[in-house]
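Remarks on the overall topology
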Amino acid sequence: MQINRVWAVYWSATGTTKRVVKQIAERAAQALDVPLAEYDFTMPEARQDVLSFAADDLVIFGTPTYAGRVPNVLLKYLATVQGNGAAAVPVVLFGNRAFDDSLIELRDILADNGFVPFAAAAFVGEHSFSTTLAAGRPDADDLALAAGFAAQVAARVQTVDADTPSIAVSGRAREERTYYQPRDRAGNPVDIRKVKPKTSEACDDCGLCAQVCPMGSINPENVREFTGICIKCGACVKKCPKGAKYYDDPGYLYHKTELEEGYRRRAVVSLFL
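Okay, so let's go over this structure. (Residues numbered from 1 in each chain as written. Predicted model: local features only at pLDDT ≥ 70, side-chain atom pairs only at ≥ 80, totals over all residues. Heavy atoms only, no water.)

**Notes on the overall build of the chain**
Looking only at helices and strands, one finds seven helices and nine strands in the chain. Radius of gyration (C-alpha) of the chain: 19 Å, near the 19 Å computed for a compact globule of 273 residues. Its C-alpha atoms put the chain at 55 × 40 × 35 Å along the principal axes. Among the 273 residues that make up the chain, the fraction classed as buried is 52%. Counted over contacts in the chain with a minimum sequence separation of 6, partners at least 24 positions apart contribute 79%. Surface accessibility of the chain: about 12,400 Å² in total, with carbon and sulfur atoms responsible for 49%. (Helix = DSSP H or I, 4+ residues; strand = E, 2+ residues; numbered from the N terminus. Rg over C-alpha atoms; globule rule 2.2 N^0.38 Å. Buried < 20%, exposed > 50% of the residue type's maximum accessible area, 1.4 Å probe, protein only. Contact = heavy atoms within 4.5 Å. Areas by Shrake-Rupley, 256 points an atom, 1.4 Å probe, with all protein chains shown as cover.)

As structure tokens, then:
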């Protein structure tokens, strides 16, 4: 396949997915000696227009892993993206536990939309709930892996055509996929879907949290008020310059602690070519 442009396309509330996708896309563009383009659909306004690609594009397409899947709030938008025969590399980031079915789900979404997903990767990023779980990742070693992967992608894409089968990746068949369900020590489900962060007295009403919320759910006139859902992406908590956003829900804190204590090992990156 003749590639005339490489795209870095991503949803990245805290920046981890963005760093990996851009590293792969930039290095692939350099290896192929073609221009690089970028589309960040993290914020609501970026998900208003239909995103369409050309058959001579190579698209590095990234999302985080939420509860072992592609974030369900993105599914409606992702269904509108048009591949038109473009080569694609689905990339997911996971917070040191596991990527479960997220990568195979993103691969299938892209294939259904007319892309040719010929390679794929699952990288590790600092967990959205934590500053200690996979702290600082993707780190220098991860980005070095991403650079090496990009070189392989650039070489492989030149043998790809419309009949190339979708890359085989880890994950379950569509009808078998479920969302990861946290549980307490008695085995009871921990449901944090409706939990929202609180705002401490340290807040100086700068409004940054409203600006970075990917769901547009924080009222910019009163940042203590939510006007929509919270997906626990961590953007408002991690980007607040005063550290004023926090969670105090017992179920959330229990789950956060269980993750931090149970997944201290350095999770490995998975590459599929």
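From this point, the discussion proceeds with the structure in view.
**Regarding the side chain of threonine 164**
When you line up the elements, threonine 164 lands in the loop between helix H4 (140-157) and strand E7 (198-199). By relative accessible area, which is 15% here, threonine 164 ends up buried. Those residues in contact with threonine 164 that sit more than four places away from it in its chain are Val116, Phe118, Arg156 and Thr159.

**A look at the side chain of arginine 47**
Looking at where arginine 47 falls in the secondary structure, it is placed in the loop between strand E2 (36-40) and strand E3 (57-64). No salt bridge is formed by the buried arginine 47; its nearest oppositely charged neighbour, aspartate 40, is found at 7.3 Å. Among the polar contacts listed, one links the side chain of arginine 47 to the backbone oxygen of phenylalanine 41, at a separation of 3.0 Å. When neighbours within four sequence positions are excluded, arginine 47 is seen to be in contact with Trp11, Phe41, Thr42, Leu74, Tyr77, Pro214 and Met215. (Lys, Arg positive; Asp, Glu negative; His and termini not counted. Salt bridge = Lys/Arg side-chain N within 4 Å of Asp/Glu carboxyl O. Polar contact = N/O pair within 3.5 Å; in protein donor to acceptor, adjacent residues only side chain to side chain.)

**A look at the pattern of salt bridges**
For the structure on display, the rule yields 18 salt bridges. One salt bridge in this structure joins aspartate 108 and arginine 174, with 3.7 Å as the shortest N-O distance. Residue aspartate 108 is found in helix H3 (residues 102-112), and its partner arginine 174 is found in the loop between H4 and E7; the two are separated by 66 residues along the sequence. Residue arginine 174 is classed as partly exposed on the basis of its relative accessible area of 46%. Across the salt bridge formed by arginine 266 and aspartate 139, the nearest N and O atoms sit 2.9 Å from each other. In this pair, arginine 266 is assigned in the loop between helix H7 (250-262) and strand E9 (270-272) and aspartate 139 in the loop between strand E6 (120-124) and H4, connecting sequence segments 127 residues apart.

**Examining H7**
With 13 residues, H7 should reach 18 Å at 1.5 Å per residue; the first-to-last C-alpha distance of 18 Å fits that figure. Among all positions of H7, only Gly251, Tyr252, His255, Leu259 and Glu260 are buried. With its buried residues spanning 165° around the axis, H7 presents them on a single face. The N-cap residue of H7 is aspartate 249: its side-chain oxygen and the backbone nitrogen of glycine 251 are 3.0 Å apart. (Expected span 1.5 Å × (residues − 1). Arc of directions from axis to C-beta.)

**Section: the environment of alanine 168**
Counting through the fold element by element, alanine 168 comes out in the loop between H4 and E7. Here the alpha-carbon distance between alanine 168 and serine 128, two residues 40 residues apart in the chain, equals 28 Å. In contact with alanine 168, other than residues within four places in its own chain, are Arg107 and Phe272.

**Description of H3**
In terms of residue burial, H3 counts as a mostly covered element, since nine of its eleven residues are buried. Ser102, Leu103, Ile104, Glu105, Leu106, Arg107, Asp108, Ile109 and Leu110 are the residues of H3 that are buried. Those residues of H3 hidden inside the fold are in contact with E3, helix H2 (75-78), strand E4 (87-94), strand E5 (116-117), E6 and E9. A positive backbone phi angle near 95° is found at glycine 114, which sits one or two residues after H3.

**A word on unusual backbone geometry**
Note that the residue after arginine 137, namely proline 138, is joined by a cis bond; omega there is 5°. Among the secondary structure elements, proline 138 is positioned in the loop between E6 and H4. Its identity as a non-glycine residue notwithstanding, alanine 134 has a phi of 60°, on the positive side. The residue alanine 134 is located in the loop between E6 and H4 in this model.

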